[in-house]
Amino acid sequence: MNYQNHFLTVNPEKEEFVTVDGQTFGCYGIVTELVTGQTDFASFLLRYAAPLLKPGDILLLSEKMVACAQGKARPLESVQPGRLARLLCRYVRKTDYGIGLSMPETMQCALDECGVFRILLASAAGAAGRLFGKKGWFYRVAGYKAAAVDGPCGFTIPPYDRCVVPAPSHPGKTARMVSNILGCAVLIIDCNDIGGRILASSDRKLDRAFFLRVLEQNPLGQSREQTPIGILRPCSQNPDLSKMRKK
């Protein structure tokens, strides 16, 4: 089947089939229009996702796309960092895979989303972690809203290459709403090429730890693929073993 003609694709450098604990899934992205705060989210999903879904499919929604649809993306020039944001961002370790909270604007967004007290407490935890040679204590205390803040970067689709995008609001409620519209299970995911998390699922019975392993390769991509939604499809027949990835 030519998935491209149906807006369903396997992104570059991703594998079509992933097997975890003996269960095999097809991993697909859905090519869509650019999502903004003016997008009619229900109509968008009915247009791009509904025609492609089969029984048993799990719909994947990028947390950044959901936040953009909620109108939460903030142009960089609209974010006015305060003194605290400028101070705290100096102590954030810079990495090769993203800005994180290492710039004043993203730190200010984290302060706005999480609250000053929680970020200060997280900063103290992060400082203590460094003393003991431990990583990640800041985000354990700050929570997913801090970790989910995306800063501007050159490989992101414009205009979001000049935006700060926080976590979506009420991801659990959103996942259940989409599930009711489309009649399928839904996962809202925050994945990149080094790891990720599942923010919400429409069904509590879904094993998040299991599906995080299935999603380890980040099938929606991290650059300009323009596949903010996708499908995990259980394989009932033997797939092409040459394209399969076993874990």
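Placed above this text is the structure.
Rules used in this analysis
- Residues numbered from 1 in each chain as written.
- Predicted model: local features only at pLDDT ≥ 70, side-chain atom pairs only at ≥ 80, totals over all residues.
- Heavy atoms only, no water.
- Helix = DSSP H or I, 4+ residues; strand = E, 2+ residues; numbered from the N terminus.
- Buried < 20%, exposed > 50% of the residue type's maximum accessible area, 1.4 Å probe, protein only.
- Contact = heavy atoms within 4.5 Å.
- Patch = residues over 30% accessible without salt bridge, like charges linked within 9 Å, V, L, I, M, F, W, Y side chains within 5 Å.
- Areas by Shrake-Rupley, 256 points an atom, 1.4 Å probe, with all protein chains shown as cover.
- Salt bridge = Lys/Arg side-chain N within 4 Å of Asp/Glu carboxyl O.

> Would you mind showing me how to read the overall build of the protein here?
For the protein, the count of helices and strands is nine helices and ten strands. Across the 247 residues in the protein, those meeting the buried criterion constitute 49%.

> How do you make sense of helix α4 (residues 104–114) when you look at a structure like this?
Residues three or four positions apart in an α-helix share a direction because the helix packs 3.6 residues into each turn. Counting buried positions along α4 yields nine of eleven residues, so the element is predominantly enclosed. Where α4 is buried, its residues touch β5 (74–75), α3 (83–88), α5 (116–131), α6 (137–142), α7 (144–147) and β6 (163–164). With its phi angle positive at about 95 degrees, Gly115 sits one or two positions after the end of α4.

> It is not clear to me how a nonpolar patch on the surface should be interpreted in this structure. Could you clarify?
On the surface, Leu46, Met177 and Ile181 cluster together into a nonpolar patch covering about 230 Å² of accessible area. Relative to the elements of secondary structure, Met177 occurs in helix α8 (residues 171–182). Residue Met177 is classed as partly exposed on the basis of its relative accessible area of 35%.

> Sorry if this is basic, but what is going on with the pattern of salt bridges here?
Charged atoms that come close allow side chains of opposite charge to pair. Taken as a whole and assessed by the stated rule, the structure comprises six salt bridges. Of the charged contacts in the structure, one is a salt bridge between Arg213 and Asp21, with a shortest N-O distance of 3.0 Å. Placement of the pair is Arg213 in helix α9 (residues 208–214) and Asp21 in the loop between β2 (17–20) and β3 (23–30), with a sequence separation of 192 residues. Using a relative accessible area of 34% as the deciding quantity, one classes Arg213 as partly exposed. Of the charged contacts in the structure, one is a salt bridge between Glu113 and Lys72, with a shortest N-O distance of 3.2 Å. Of this pair, Glu113 sits in helix α4 while Lys72 sits in the loop between α2 (63–69) and β5, and the two are 41 residues apart along the sequence.

By themselves these figures say nothing about function.
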